[in-house]
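# Chains, contacts and geometry: an overview
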Amino acid sequence: MRTARVEPTPMAGVDAANFAVEQGQPNVVTLVGLLAPGGFVNAAGAPDVDVLRDTLAPRVARLPALHRVPVDAGGEWTWRTVTPDLTHHVRVIGAETAAADGDVSTALERTCARVAMTSLDDGRPLWELLLVPRVAGDRCGMLFRLHHAVADGLGAEELVAALSDPLPADTTDVAGPGHADTVPPPRRSFILRLGDLVVQTLAVFRRRVRSQVLLGPLGTTRDVAFLDVDLASLHEGARRAGGTINDAFLTAFGRGIRAALVDAGEVPPASVPVSCPVRLARSAGEGNATGVMLVDIPLGGPQTDPRSDGSIAQVAAATRSEKARARAIGTFRLMRSPRAARFLMRFARSQRAVAAIASELTGPPRAYRLAGTELVAAWPLALLSGNVRVGVLAVSYAGRFRVSVQTDGEHVPPARVVADAMAEALGRIAGRVHDESAPVGGRSVRHPRSG
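Residues numbered from 1 in each chain as written. Predicted model: local features only at pLDDT ≥ 70, side-chain atom pairs only at ≥ 80, totals over all residues. Heavy atoms only, no water.

## A few points about the pattern of salt bridges
With the rule as written, the count across this model stands at 18 salt bridges. Where Glu236 meets Arg240, a salt bridge forms, and the shortest distance between an N and an O atom there is 3.0 Å. Of this pair, Glu236 and Arg240 both sit in helix H7 (residues 231–240), 4 residues apart, which is roughly one turn of the helix. Residue classification places Glu236 among the partly exposed residues on the basis of a relative accessible area of 27%. Salt bridges linked by common partners bring Asp305, Arg307, Glu424 and Arg428 together as one network. (Salt bridge = Lys/Arg side-chain N within 4 Å of Asp/Glu carboxyl O. Helix = DSSP H or I, 4+ residues; strand = E, 2+ residues; numbered from the N terminus. Buried < 20%, exposed > 50% of the residue type's maximum accessible area, 1.4 Å probe, protein only.)

Here it is as structure tokens:
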């Protein structure tokens, strides 16, 4: 019996554009986690990868996004559907170990820094689930990597949920605190939307960032650091200061940027513009649905307290107006096709309008389980692009607010410098200067390109 031929599926322009911006670092969305012993992970933190593959096989079969291979026919992008080989897509990798010079670092952060510079095989479906045995005591590390053309951060989180074990029948999944900003704004008139577009476009082409540390050619190594704080405490602290969790996150990022500039010997300005993705309604056939807003983030003074210096309220005022503008405009015009995205990337390598990248996702209030194994901690991994050398990405997950920091390992102080300053600021906002959960590891180090 002859198998029916599967016709290629057209690729949305906004998805194809993500191949054009893949310069300097693989354009890959990564969700990082720690798996506790149980299920397919033994008491020593080693996984039985065959058990996991057997469990995931029927779930993968139901997810078309994990079967797509990109095809470029002279600028016309399509998806070709194939059956993924789970022996390739779900596999075990080795963890990075401590540096020979004695520098203290966690194996998870070091491994993420190495893998961040490894491309996905574009001859296969553009995803992989990597397991890292004994990466943190008896914990097994997990990196779910997905090309940005397949899905944005929210889409990647939805795929992880679909691969995870079903929730008990009596479980009701409710949104975490501080994320009631997903209701679309009222539709604006054509004249107002045109004005919004002009304002956004002009902002992108301004040259106001003078730092030679934050912006410049990207090196071939990355540095990664993680931190987390109690979610409910952060929500309450942000509310008392006049903002949301995202406003507190951006305020803390300002403190992290300040720490990096001081460490590098630069005099910090009063504020810097940061690019923040904004969730949009996803159209049929699209894996990506994000707008962009520029938010001026105060860096604070050397002794200022983010709870009382007005910076959270200042950020909150900016995000309210800019988020509405971004949603009214929709997908950024220069990310709606590969041709426009290539023009954007030529400009992005010398732009001076954006100092850093920050994004925040809403994750589940309860921990996922994968083949009977609990995912006890999870972070989305930030990535860099253009000439931007510092990025942060956060998610609320199972009662914790978890942040990853990624920096250019050749030109910027270690990611741990940014992470420690952010942890201190978030701890103050949450009312716990010395939060009970320390960062995953100590000082991070630089890594050579792998793969």
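From this point, things continue past the structure.
## Here we look at helix H8 (residues 245–264)
Counting along an α-helix, one turn takes 3.6 residues, and residues three or four places apart therefore face a common direction. Along its 20 residues, H8 runs 29 Å from first to last C-alpha, staying within 8% of the 28 Å computed at 1.5 Å per residue. Most of H8 is tucked away: 16 of the 20 residues are buried. A distance of 3.3 Å separates the backbone nitrogen of Asn246 from a side-chain oxygen at the start of H8, and that oxygen is part of Thr244. (Expected span 1.5 Å × (residues − 1). Polar contact = N/O pair within 3.5 Å; in protein donor to acceptor, adjacent residues only side chain to side chain.)

## A closer look at the pairing of strand S11 (residues 356–362)
Within S11, 6 of the 7 residues are buried, which leaves it mostly tucked inside the rest of the structure. Bridging between S11 and strand S14 (residues 390–397) involves 6 bridges; their strand directions are parallel. Each residue of the ladder has a partner; that of Leu361, found in S14, is Val395. (Pairing = 2+ DSSP bridges.)

## Considering the confidence of the model for the protein chain
In this model, the protein chain carries a mean pLDDT of 83, and residues with pLDDT of at least 70 account for 76%. Per-residue pLDDT stays below 50 along residues 192–198; that stretch engages in 9 contacts with residues further than four places along the chain or on separate chains. Per-residue pLDDT stays below 50 along residues 434–451; that stretch engages in 65 contacts with residues further than four places along the chain or on separate chains. (pLDDT = per-residue confidence, 0-100. Contact = heavy atoms within 4.5 Å.)

## As for the sheet that holds strand S1 (residues 9–10)
The strands making up a sheet associate through hydrogen bonds between their backbones, and the pairing can be parallel or antiparallel. Spatially, 3 strands are ordered S1-S4-S3 in an open sheet, and the strand pairing comes out antiparallel. Edge positions in the sheet fall to S1 and strand S3 (68–73), since each of these pairs with one other strand and no more. The pairing of S1 with strand S4 (residues 76–81) spans 2 bridges and is classified as antiparallel. Across the sheet, the residue bridging to Thr9 is Trp79, located in S4.

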